[in-house]
Amino acid sequence: MPRAKKKSPRAKEMPEYFIFEIAKWEPYYFLSIDTGKYREGPYSENVGFEIEATCVFPEKVKGRTAAFDIAGRRNCLMPPIAQDDPDWTPRCVGELELSPTYGRFYSSIPHESVQIVLSALAHGLFRFILVYGPPLKRSKSPCSFMQFKRTVDLDEY
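Residues numbered from 1 in each chain as written. Predicted model: local features only at pLDDT ≥ 70, side-chain atom pairs only at ≥ 80, totals over all residues. Heavy atoms only, no water.

### Focus on the overall build of the protein
Then comes step 1: Across its full length, the protein holds two helices and eight strands.
Then comes step 2: Tracing the protein from N to C terminus, the helices and strands come up as β-β-β-α-β-β-α-β-β-β.
Then comes step 3: Taken along its principal axes, the extent of the C-alpha atoms in the protein is 65 × 40 × 30 Å.
Then comes step 4: Buried residues in the protein amount to 32% of all 157 residues.
Then comes step 5: The contacts of the protein with a sequence gap of at least 6 include a subset with a gap of at least 24, amounting to 65%.
Then comes step 6: Here the protein holds 22 positive side-chain charges and 20 negative ones, and the gap between their average locations is 10 Å. (Helix = DSSP H or I, 4+ residues; strand = E, 2+ residues; numbered from the N terminus. Buried < 20%, exposed > 50% of the residue type's maximum accessible area, 1.4 Å probe, protein only. Contact = heavy atoms within 4.5 Å. Lys, Arg positive; Asp, Glu negative; His and termini not counted. Charge placed at Lys NZ, Arg CZ, Asp CG, Glu CD.)

### Section: the packing of aromatic side chains
Then comes step 1: Under the definition given, this model contains eight aromatic pairs.
Then comes step 2: Judged by centre distance (6.1 Å) and plane angle (90 degrees), the rings of Tyr-17 and Phe-145 are edge-to-face. Here Tyr-17, found in strand S1 (residues 16–33), pairs with Phe-145, found in strand S8 (residues 145–149); they are 128 residues apart in sequence, far enough to count as distant.
Then comes step 3: Within the aromatic cluster, the residues linked to one another by ring pairs are Tyr-17, Phe-57, Tyr-132, Phe-145 and Tyr-157. (Phe/Tyr/Trp six-rings, centres within 6.5 Å; stacked < 30°, edge-to-face > 60°.)

### Comments concerning the nonpolar core
Then comes step 1: Of all hydrophobic cores here, the largest spans 24 residues; its most connected members are Phe-20, Phe-49, Ile-51, Phe-68, Leu-96 and Val-131.
Then comes step 2: Going through the elements one at a time, S1, strand S2 (43–57), strand S3 (65–73), strand S4 (94–98), strand S5 (103–110), helix H2 (111–122) and strand S6 (128–133) are the ones with two or more residues in this core.
Then comes step 3: Take this core: its biggest share by element is five residues, from S2.
Then comes step 4: If near-sequence neighbours (up to four positions away) are discounted, Phe-68 is found in contact with Phe-20, Phe-49, Glu-50, Ile-51, Ala-53, Phe-105, Ile-129 and Val-131. (Core = buried A, V, L, I, M, F, W, Y, C linked by side-chain atoms within 4.5 Å.)

### Considerations on the environment of His-111
Then comes step 1: Inspection of the secondary structure assignment puts His-111 in helix H2.
Then comes step 2: Residue His-111 is classed as buried on the basis of its relative accessible area of 18%.
Then comes step 3: For His-111 and Leu-154, which are 43 residues apart along the polypeptide, the C-alpha to C-alpha distance reads 31 Å.
Then comes step 4: Those residues in contact with His-111 that sit more than four places away from it in its chain are Glu-45, Val-47, Gly-72, Arg-73 and Arg-74.

### Quick notes on the pattern of salt bridges
Then comes step 1: Under the defined criterion, the tally for this structure stands at five salt bridges.
Then comes step 2: When the shortest N-O distance is used, the salt bridge between Arg-74 and Glu-45 registers 2.4 Å. Residue Arg-74 is found in the loop between S3 and helix H1 (80–84), and its partner Glu-45 is found in strand S2; the two are separated by 29 residues along the sequence.
Then comes step 3: For Arg-74, a relative accessible area of 57% puts it in the exposed group.
Then comes step 4: By relative accessible area, Glu-45 is classed as partly exposed at 33%.
Then comes step 5: Glu-95 is paired through a salt bridge with Arg-91; the nearest N and O atoms lie 3.6 Å apart. (Salt bridge = Lys/Arg side-chain N within 4 Å of Asp/Glu carboxyl O.)

On their own, these measurements won't tell you what the molecule is for.
Right under this line is the structure:
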């Protein structure tokens, strides 16, 4: 009986940095009555900010633009699933979608951190957003790292 062919192990693709220069940003806030299916209480509050940015690194996607939607979440660092299962590990901090015509990044940060980041943006202290994840596959990368920086030396990447 012939043996089944073994699949050759695919080379693991090394993660990379995607560096964006902030063009403009805008905060948002809303409070509403929570009528959602998975409501956690009588009200729903949402605070965050949207950033428009242009990719400056890596070279293959340089010039593409993306909208970053960063929402504040009260249980961001210890979501219910992590409370129930101490072995649970998050998949990413946000997903970058960066096609030639469309770019988006969604993430949540602790509710308490929103005011710090907004204050730094308002004072021009953050000019770049760095995200780190696997190379784009079907124009998407689940990123394990996000950082706001004032300056970036592209020669270091």
